[in-house]
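An overview of the molecular structure
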Amino acid sequence: MTQAREPDDIDRVNRELRGVNRRLDRLEYTQISPQEFSSVLDRIYEEIGSTRSEMRAEFTAVNARLDSLDTKTDIIIRRLSREGNLG
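The structure contained in this document is the topic of the report that follows. Computed from a predicted structure; not experimentally measured.

1. Notes on the overall build of the chain
The number of helices and strands found in the chain is two helices and zero strands. Counting over 87 residues, the chain shows a buried share of 11%. Counting every atom, the chain has about 7,500 Å² of accessible surface; 55% of that belongs to carbon and sulfur.

Next up, the structure:
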């Protein structure tokens with residue numbers, strides 16, 4: 001299930017970054033005051049920060065799932081090797 005979600009998550013992040021890039025491109029070609037420009041950049045940085053936080057949380061969740069899977073795999077291997085030694 002995790003493998004099916006990862007490309008969607010990566011695509012979503014790429015779309016968001018392209019959107020931010022387009023917004024920055026538009027800002028380059030407009031004439032606004034330094035205060036307005038600073039305000040817009042602050043909002044963009046906040047969006048990037050929240051996206052990074054979301055990604056960090058998702059990676060943490062994936063790592064926890066992988067750790068759980070590793071533990072379960074170790075248990076299965078130990079049990080199979082014990083049963084193999086009995087026969």
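Additional details are given in the paragraphs that follow.
2. Comments concerning the pattern of salt bridges
The final tally for this structure, using the stated rule, is four salt bridges. Arg 12 is paired through a salt bridge with Glu 58; the nearest N and O atoms lie 3.2 Å apart. Of this pair, Arg 12 sits in helix H1 (residues 2-28) while Glu 58 sits in helix H2 (residues 34-86); the two residues are 46 residues apart in sequence, bridging distant segments of the chain. Close ionic contact of Glu 47 with Arg 23 constitutes a salt bridge, the shortest N to O distance being 3.1 Å. In this pair, Glu 47 is assigned in helix H2 and Arg 23 in helix H1, connecting sequence segments 24 residues apart.

3. A closer look at the side chain of Thr 51
Inspection of the secondary structure assignment puts Thr 51 in helix H2. If near-sequence neighbours (up to four positions away) are discounted, Thr 51 is found in contact with Val 13 and Glu 16.

Conventions used here
Residues numbered from 1 in each chain as written. Predicted model: local features only at pLDDT ≥ 70, side-chain atom pairs only at ≥ 80, totals over all residues. Heavy atoms only, no water. Helix = DSSP H or I, 4+ residues; strand = E, 2+ residues; numbered from the N terminus. Buried < 20%, exposed > 50% of the residue type's maximum accessible area, 1.4 Å probe, protein only. Areas by Shrake-Rupley, 256 points an atom, 1.4 Å probe, with all protein chains shown as cover. Salt bridge = Lys/Arg side-chain N within 4 Å of Asp/Glu carboxyl O. Contact = heavy atoms within 4.5 Å.

Everything listed is a geometric property; what it means functionally is a separate question.
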